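# Residue-level structure breakdown
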Amino acid sequence: MSKRLLLRIWRWLPLPARGRWGLTWLLMPKFLVGVLAVIFDEKGRVLLLKHTYRPDYPWGLPGGWLKAGEGAVDGIERELLEETGFVVRASQPLMVGGDSRRPRLDLVFSCEYNSGTFRPSAEVSEARFFDPAALPVDMEPYLRTIVALALPTTGATERQRLISSWRGKAWLAPMPEE
C-alpha cells in the first residue's frame, strides 16, 4: 500500500482524537528514556556511582529510567534521591544520546548537589568523586565520553572528535550553548 492511500484511510477512519492517539501509540515503535546526571564538585571532580548490578562496568554516572508520565528533570532528581540519598537540582540539559543497538534515548543533565548524605541502596554500593583525568578503568566508554564532553575545558575540535568517535555505535548531540 502506498503512503498516500494509508493517509486517506487514516483521515476517513471514524475515530475520535483519543482513539487515533491510542492506535498511533500501539503501532509506533517503543523505546526507553534514560536520564543521566553530571555533577562536578568545587574541585572539578565528577560524581560516579558504583552500581551493584553491572558486573563489567560497575562505575558510572548517576541516572536511571523515566517512569511513565514523568518529566526528565523530575526523573533525574528522583533517581539520585532514591539511589544515593542526595538531593540535587537539575540545572541545565547537556546533551541527548542514544544507542544504535537498543531502542533508548538518554537525556544528560548538569546537576548541582544541594544536600544529603550518601546511603547505599540495592542498586548503588558506593559514591565517589573522581578527577576526570583519572576515571576508573571499569567505567563504560560511552560514559567517559559524556564526562569529557561535559568538561568546560573541552574545546570545540575535541568535542567534535569525541562525538564522531561514537558514530555507528551510539550517538551524542550536545545541547547548544546559550
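Residues numbered from 1 in each chain as written. Predicted model: local features only at pLDDT ≥ 70, side-chain atom pairs only at ≥ 80, totals over all residues. Heavy atoms only, no water.

### A word on the pairing of strand S5 (residues 87-99)
To keep things clear, this is the line we draw: Paired strands, as defined in this entry, are two strands with at least two bridges between them according to DSSP. Elements are defined by DSSP. Helices are runs of H or I of four residues or more, strands are runs of E of two residues or more, and each kind is numbered from the N terminus.
As paired elements, S5 and strand S6 (residues 104-115) share ten bridges and run antiparallel to each other. Its bridge partner being in S6, Val-88 is matched across the sheet by Tyr-113. The hairpin turn running from S5 into S6, its antiparallel successor, is four residues long.

### Some details on a nonpolar patch on the surface
Just so we agree on the cut-off: To count toward a patch, a residue needs a relative accessible area above 30% and no salt bridge. Like charges then connect within 9 Å, nonpolar side chains (Val, Leu, Ile, Met, Phe, Trp, Tyr) within 5 Å. Areas reported here follow the Shrake-Rupley algorithm with a probe of radius 1.4 Å; residue values treat only the protein chains shown as occluding. Note on definitions: salt bridges are taken to be side-chain nitrogens of Lys or Arg within 4 Å of carboxyl oxygens of Asp or Glu.
Judged by side-chain polarity, Trp-21, Trp-25, Leu-26 and Leu-27 come together as a nonpolar surface patch covering roughly 560 Å² of accessible area. By secondary structure assignment, the location of Trp-25 is in helix H2 (residues 17-27).

### Here's the deal with the sheet that holds strand S2 (residues 46-51)
Strand order in the open sheet formed by three strands is S3-S2-S7, and the pairing between neighbours is antiparallel. Of all the strands in the sheet, the pair left with one neighbour each is strand S3 (59-60) and strand S7 (124-130). Where S2 lies against S3, two bridges are found, and the strand directions are antiparallel. Within the sheet, the bridge partner assigned to Leu-49 lies in S3 and is Gly-60.

From the geometry alone we can't say anything about function, so treat these as descriptive.
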